[in-house]
Amino acid sequence: MKNNIKKLNKELLFATLAILLVGIISSCAKMDDYKKFTKGGEISYTGKLDSIKINSGRYRVLLNGLFLADPKVKKCVIYWNNKVDSLVLPVTRTDKVDTLKIFINNITEGVQNFVIYTYDAAGNKSIPVYKTGRVYGDRYQSTLSNRGINSAFTNESGVSTIEWGGMDRVSGVFATEMVYTDNANAEKTVRIPIDVNNYTIPNFKEKGTIKFRTLFLPDSLSVDTFYTAYENMYIPKFSKVDITSTYLKNVGPNVTYSSINSANRWGILNDWITSTSVKNASGFGGYEKRSNVGFISLEAGWGLPNVTDGKIYQTINLPAGSYRMEIVMNDFNAGGSRYMSVAEGTTIPNVASITSSSIAFSNLESKTLNFNLDQAKQVSLGFAATLTGTSSTGMYAKIASVKLYKITYL
């Protein structure tokens, strides 16, 4: 038993000595590394680059940073692409805070990790500073598309207007650039913000052509703007003939009802087909009396249930030709999904199918819908909406009158 204990003690002693030896070797290695950054017994790290910001760009980034307190800095080295690529910058310090601002070009598209060191004249370097940046290129460019135009006309009065299509803001779109010739034969370039849906072209030369492209910033830090290719579009002049009374009924001002509720406010419209969800005032709706005047009405909230795929429309037969429906909508608020639509057949599409199943459509706020028929057709035209509200908030649109015009191009 005693021999076993002695043997075990020897083994523990050897194991302890081995651990101590490893620790000594490791300490020596660390001491060697430590000596690299010491001089005269003190650590001599070089001051690092501070307040670094990296702006994205097209196959490049813009790196910004500050040199603060250390006057010894003589060089800055920036690595990326897993340190395969680098940039060496000489630094001349002043007695103030100095700024570094440098474009790094020819970088592969995607997320890039940057490592930045500074060095003094003796070769002592700072601790590394890590920063991530984003680089955009052809892959991002290929996802971009030009903003569509729903309609573009010059009317009888010589006023030229464009109704722009909507776009998803997630793409980074922020404007459309348009080039046109004015009445003095001068070429003009205008930038139209993405939130502008209807635009009047100043002094446009009639029966001219515009070219336009759409502008994108892939993120809020990007230093480069991306553009789609230019598209050309001829802007025709037209005259319009009011054909409302020939095809539509009860179009206002002061539309009429077939029945109205006991409060003498909500009613059922004459001559219009109104879906059940619009009749959300206990079976009444689509008509509202305001100050003794009748309006075509869509409303949800303030005690009224939500409107889902609500529709108000008329079905008519039209010959081939070009048409425009215009409305006067003098009271409405934002929110929900609200459209003007014309579709073949005896109804207009549900809200989710408006864009795919309509002959033509536009946002209700545009107050104008242009469409063409290549042959005589039975069509339905009117309004479709999905609106939500609560007991204290709501969504609504009040249409005072509707007009239908036959368009002739000049």
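Here the structure is a predicted model, which means the values were calculated and not measured.

A.B. asks: In this structure, what is going on with the overall build of the protein chain? I would like to understand it.
C.D. replies: For the protein chain, the count of helices and strands is 4 helices and 30 strands. Residues classed as buried in the protein chain amount to 44% of the 410 residues present. Sequence separation of 24 or more characterises 67% of the internal contacts of the protein chain that already satisfy a separation of 6 or more. Of the roughly 21,600 Å² of accessible surface on the protein chain, 52% is carried by carbon and sulfur atoms.

A.B. asks: In this structure, what is going on with the nonpolar core? I would like to understand it.
C.D. replies: Looking at soluble globular proteins, one finds that nonpolar side chains tend to be buried together. Among the nonpolar cores identified, the biggest contains 36 residues, and Ile296, Phe371, Phe383, Val402 and Leu404 are the most heavily contacted of them. Contributing elements (two or more residues each) for this core: strand E23 (293-301), strand E24 (307-318), strand E25 (321-332), strand E26 (337-344), strand E28 (368-373), strand E29 (377-387) and strand E30 (394-409). Core analysis: the second largest hydrophobic core is formed by 19 residues, Ile52, Ile54, Phe67 and Ile104 among them.

A.B. asks: Where do I start with the sheet that holds E29 in this structure?
C.D. replies: Strand pairs in the sheet, formed through backbone hydrogen bonds, run parallel or antiparallel to each other. An order of E21-E24-E29-E26-E27 is seen for the 5 strands of this open sheet, with the pairing classed as antiparallel. Looking at which strands have only one partner, the edges of the open sheet turn out to be strand E21 (273-274) and strand E27 (360-363). Sheet analysis places E26 next to E27, joined by 4 bridges and oriented antiparallel. When the sheet's bridge partners are listed, Ser341 is paired in E27 with Phe361.

A.B. asks: I tried to follow the pairing of E29 on my own but got confused; where do I start?
C.D. replies: Within a regular strand, the side chains alternate between the two sheet faces. Summarising burial for E29: 9 of the 11 residues are buried, a large majority. Strand direction decides the pairing type here: E24 and E29, joined by 10 bridges, are antiparallel. In the sheet register, Val307 faces E29, and the bridge partner there is Leu387. As judged from the 8 bridges shared by E26 and E29, these two strands associate in the antiparallel manner. Of the residues in E29, the one forming a bridge with Ser337 is Thr386.

A.B. asks: Would you take a moment to explain the side chain of Thr368 for this structure?
C.D. replies: Its location among the elements puts Thr368 in strand E28. Taking relative accessible area as the criterion, Thr368 reaches 17% and is therefore assigned buried. Once residues lying within four places of it in the same chain are set aside, the contact partners of Thr368 are Glu163, Arg324, Met325, Glu326, Met340 and Ser362.

A.B. asks: Before we go on, may I ask you to explain the pattern of salt bridges in this structure?
C.D. replies: Close approach of charged atoms allows side chains of opposite charge to pair. Scanning the model with the defined rule gives 20 salt bridges in all. With its nearest N and O atoms 2.8 Å apart, the salt bridge here joins Asp50 to Lys48. Across the pair Lys237 and Glu206 runs a salt bridge whose closest N-O atoms are separated by 3.2 Å. Of the two residues, Lys237 sits in the loop between strand E17 (231-234) and strand E18 (238-242) while Glu206 sits in the loop between strand E14 (198-200) and strand E15 (209-216), which places them 31 residues apart along the sequence. Given the relative accessible area of 14%, Lys237 is considered buried. Exposure remark for Glu206: the relative accessible area of 36% places this residue in the partly exposed category.

A.B. asks: Would you take a moment to explain the packing of aromatic side chains for this structure?
C.D. replies: Scanning the entire structure with this criterion turns up 13 aromatic pairs. With a centroid separation of 5.1 Å and 85° between ring planes, the pair formed by Phe153 and Phe238 is classed as edge-to-face. Here Phe153 is found in strand E10 (residues 149-154), whereas its partner Phe238 is found in strand E18, with 85 residues between them in sequence. Aromatic rings pair up to connect Tyr136, Tyr140 and Phe226 into one cluster. The positively charged end of Lys75 is found above the aromatic ring belonging to Tyr119, 4.7 Å away from the centroid. Lys125 extends its terminal NZ or CZ atom over the ring of Tyr117, reaching a point 4.5 Å from the ring centre.

A.B. asks: How should the side chain of Glu326 be read in this particular structure?
C.D. replies: Along the chain, Glu326 falls in strand E25. Glu326 gets classed as buried once you look at its relative accessible area, which sits at 19%. Side-chain polar atoms of Glu326 contact the side chain of Lys240, separated by 2.8 Å. Ignoring any residue separated from it by four or fewer positions in sequence, one finds Glu326 in contact with Lys240, Lys367, Thr368, Ser401, Val402, Lys403 and Tyr405.

A.B. asks: Any chance you could explain the sheet that holds E14 here in plain terms?
C.D. replies: What the 3 strands build is an open sheet, ordered E10-E11-E14; its pairing is antiparallel. The two strands at the open ends of the sheet, each matched to only one other strand, are E10 and E14. Strand-to-strand twist in this sheet, taken as the mean axis angle between neighbours without regard to direction, amounts to 15°.

A.B. asks: Explanation requested: the environment of Leu373 in the structure shown.
C.D. replies: Inspection of the secondary structure assignment puts Leu373 in strand E28. Distance in space between the C-alpha atoms of Leu373 and Ala320 is 4.8 Å, their sequence separation being 53 residues.

A.B. asks: Help me understand the environment of Gly345 in this model?
C.D. replies: Inspection of the secondary structure assignment puts Gly345 in the loop between E26 and helix H4 (354-357). Using a relative accessible area of 19% as the deciding quantity, one classes Gly345 as buried. Taking the C-alpha atoms as reference points, Gly345 and Thr315, separated by 30 residues in sequence, lie 7.6 Å from one another.

A.B. asks: Explain the pairing of E28 to me, please; I cannot follow it from the model alone.
C.D. replies: Here E28 lies mainly inside the structure; 5 of its 6 residues are buried. Across 6 bridges, E25 lies against E28 in antiparallel orientation. Each bridged residue has a counterpart across the sheet, and for Ser322 the counterpart in E28 is Asn372.

Rules used throughout
- Residues numbered from 1 in each chain as written.
- Predicted model: local features only at pLDDT ≥ 70, side-chain atom pairs only at ≥ 80, totals over all residues.
- Heavy atoms only, no water.
- Helix = DSSP H or I, 4+ residues; strand = E, 2+ residues; numbered from the N terminus.
- Buried < 20%, exposed > 50% of the residue type's maximum accessible area, 1.4 Å probe, protein only.
- Contact = heavy atoms within 4.5 Å.
- Areas by Shrake-Rupley, 256 points an atom, 1.4 Å probe, with all protein chains shown as cover.
- Core = buried A, V, L, I, M, F, W, Y, C linked by side-chain atoms within 4.5 Å.
- Pairing = 2+ DSSP bridges.
- Salt bridge = Lys/Arg side-chain N within 4 Å of Asp/Glu carboxyl O.
- Phe/Tyr/Trp six-rings, centres within 6.5 Å; stacked < 30°, edge-to-face > 60°.
- Lys NZ or Arg CZ within 6 Å of the ring centre and 35° of its normal.
- Polar contact = N/O pair within 3.5 Å; in protein donor to acceptor, adjacent residues only side chain to side chain.
- Axes fitted to C-alpha atoms, helices over the stretch in contact; angles between N-to-C directions.

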